[in-house]
Amino acid sequence: EQTKKYMQLQPFFLLNIDLCELYQQVNPRVQVEHTITEEVTGVDIVQSQMWIASGKTLKEMGLVQDQIDEPMGYAMQCRVTTENPSH
């Protein structure tokens, strides 16, 4: 098994909690829902990505786990589409 060095912020999600399986979604882009994370954490994800691309580490940016505050409140994002459900 090979290990790859992946220097990017990335989302993750849990699926099938009964089986304790963790799935990690790795994307080379910022998720469209990143504004929700920004809203409750106060972390500018796009700016953080730019700093990472320039060579800064998460530690240098103060984004190590013990320095990240608890989420502030709640946020929700809704999308309205123009799809025709009969098709």
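Rules of the game
- Residues numbered from 1 in each chain as written.
- Predicted model: local features only at pLDDT ≥ 70, side-chain atom pairs only at ≥ 80, totals over all residues.
- Heavy atoms only, no water.
- Helix = DSSP H or I, 4+ residues; strand = E, 2+ residues; numbered from the N terminus.
- Buried < 20%, exposed > 50% of the residue type's maximum accessible area, 1.4 Å probe, protein only.
- Contact = heavy atoms within 4.5 Å.
- Phe/Tyr/Trp six-rings, centres within 6.5 Å; stacked < 30°, edge-to-face > 60°.
- Lys NZ or Arg CZ within 6 Å of the ring centre and 35° of its normal.
- Arc of directions from axis to C-beta.
- Polar contact = N/O pair within 3.5 Å; in protein donor to acceptor, adjacent residues only side chain to side chain.

Participant: Outline the overall build of the protein chain, listing residues and values.
Facilitator: Along the protein chain, the regular secondary structure elements total two helices and two strands. Ordered by position in the sequence, the α and β elements of the protein chain form the string β-β-α-α. The 87 residues of the protein chain split such that 11% are buried. Long-range contacts, defined here as pairs at least 24 residues apart, represent 40% of the contacts in the protein chain between residues at least 6 apart.

Participant: Kindly report on the packing of aromatic side chains, identifying the contributing residues and their values.
Facilitator: Tallied over the entire structure, the rule returns zero aromatic pairs. The lysine or arginine in question, Lys-56, covers the ring of Trp-51, its NZ or CZ lying 5.1 Å from the ring centre.

Participant: Break down helix H1 (residues 34-41) for me, citing the residues and quoting the values.
Facilitator: Among all positions of H1, only His-34, Glu-38 and Val-40 are buried. Check the buried side of H1 and you find it contacts helix H2 (45-53). Downstream of H1 by a residue or two, Gly-42 has a phi angle that is positive, lying close to 75°.

Participant: Quick rundown of the environment of His-34? Include the residues and the values.
Facilitator: Mapped onto the secondary structure, His-34 falls in helix H1. Judged by its relative accessible area of 18%, His-34 is buried. C-alpha separation for the pair His-34 and Gln-77, spaced 43 residues apart in sequence, amounts to 9.9 Å. With residues near it in sequence (within four places) discarded, His-34 still touches Ile-45 and Val-46.

Participant: Outline the side chain of Glu-38, supporting the account with residue identities and numerical values.
Facilitator: Here Glu-38 shows up in helix H1. When sequence neighbours within four positions are dropped, the list of residues in contact with Glu-38 reads Val-43, Asp-44, Ile-45 and Val-46.

Participant: Describe in detail H2, supporting the description with residues and values.
Facilitator: Those residues of H2 not exposed but buried are Ile-45, Ser-48, Gln-49 and Ile-52. Across the axial projection of H2, the buried residues extend over an arc of 100°, all falling on one side. For H2, the N-terminal cap is Asp-44; the gap from its side-chain oxygen to the backbone nitrogen of Val-46 is 3.2 Å. Backbone geometry just downstream of H2 places Gly-55 in the positive-phi region, at approximately 110°.

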